[in-house]
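Residues per chain are reported as follows:
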Amino acid sequence: MHEFGITRNIVSIVEEAAKGRRVRRVTLDVGQFCGVVPDAILFCFDIVAKGTLLDGARLDIRKIGGRASCRTCSATFETATVYQACACGSLAIDRLAGEELKIREMEIEEAA
């Protein structure tokens, strides 16, 4: 399960950004095509965060659906798969959303 390693990296990045302050909440954007199972990250989070500045923090995950733009007709459309053709039949598309895996925001306690 590579989600364990990814979750460890997320905790490490947030802990470094917190600069010694406790973290209350972390929000992630997870695209449907990024190759990560959101529930697995949720499962790993409390285990990985234990004993860190994120211990007891809440993890919120925003699931991002697929979206693409057609280079042929300029249409923007929702995609259910990575290689979905545009309604015009073109496969010349640019993916606009759905591959994200990023820390959107953190809620950190104020310094004493």
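Computed from a prediction, not measured in an experiment: that's the story for all the values here. (Residues numbered from 1 in each chain as written. Predicted model: local features only at pLDDT ≥ 70, side-chain atom pairs only at ≥ 80, totals over all residues. Heavy atoms only, no water.)

Trainee: Is there a simple way to think about the sheet that holds strand β1 (residues 23-31) in this case?
Mentor: Consider a sheet: its strands pair through backbone hydrogen bonds, and that pairing is either parallel or antiparallel. Taking strand neighbours across the sheet as the criterion, the 3 strands line up as β2-β1-β6 in an open arrangement whose pairing is mixed. Single-partner strands in this sheet number two, and they are β2 (58-64) and β6 (101-108). Across the sheet, the mean angle separating the axes of adjacent strands is 20° when strand polarity is ignored. Relative to β6, β1 runs antiparallel, the two being bridged by 7 bridges. Bridge pairing in β6 places T27 opposite E105. (Pairing = 2+ DSSP bridges. Helix = DSSP H or I, 4+ residues; strand = E, 2+ residues; numbered from the N terminus. Axes fitted to C-alpha atoms, helices over the stretch in contact; angles between N-to-C directions.)

Trainee: Would you mind showing me how to read the environment of I13 here?
Mentor: By secondary structure assignment, the location of I13 is in helix α1 (residues 3-18). Residues I13 and E105 lie 92 residues apart in sequence; the distance between their C-alpha atoms is 12 Å.

Trainee: Looking at this structure, how should I read the UniProt feature "binding site: Ni(2+)" (unreviewed entry) in the protein?
Mentor: According to UniProt, the positions carrying the feature "binding site: Ni(2+)" (unreviewed entry) are H2. Here H2 shows up in the segment before α1. Those residues in contact with H2 that sit more than four places away from it in its chain are G35 and V36. (UniProt positions renumbered as here; feature names shortened; annotations may be inferred. Contact = heavy atoms within 4.5 Å.)

Trainee: Whenever I open this one, the sheet that holds strand β4 (residues 76-79) confuses me. Can you help?
Mentor: Within the open sheet, the 3 strands sit side by side as β4-β3-β5. Their pairing is antiparallel. Every interior strand has two partners, whereas the edge strands, β4 and β5 (93-97), have only one. Between one strand and the next, the sheet's axes are offset by a mean angle of 35°, whatever the strand orientation. Note that strand β3 (residues 66-70) and β5 share 4 bridges and pair antiparallel. The residue of β5 that forms the bridge with A68 is R95.

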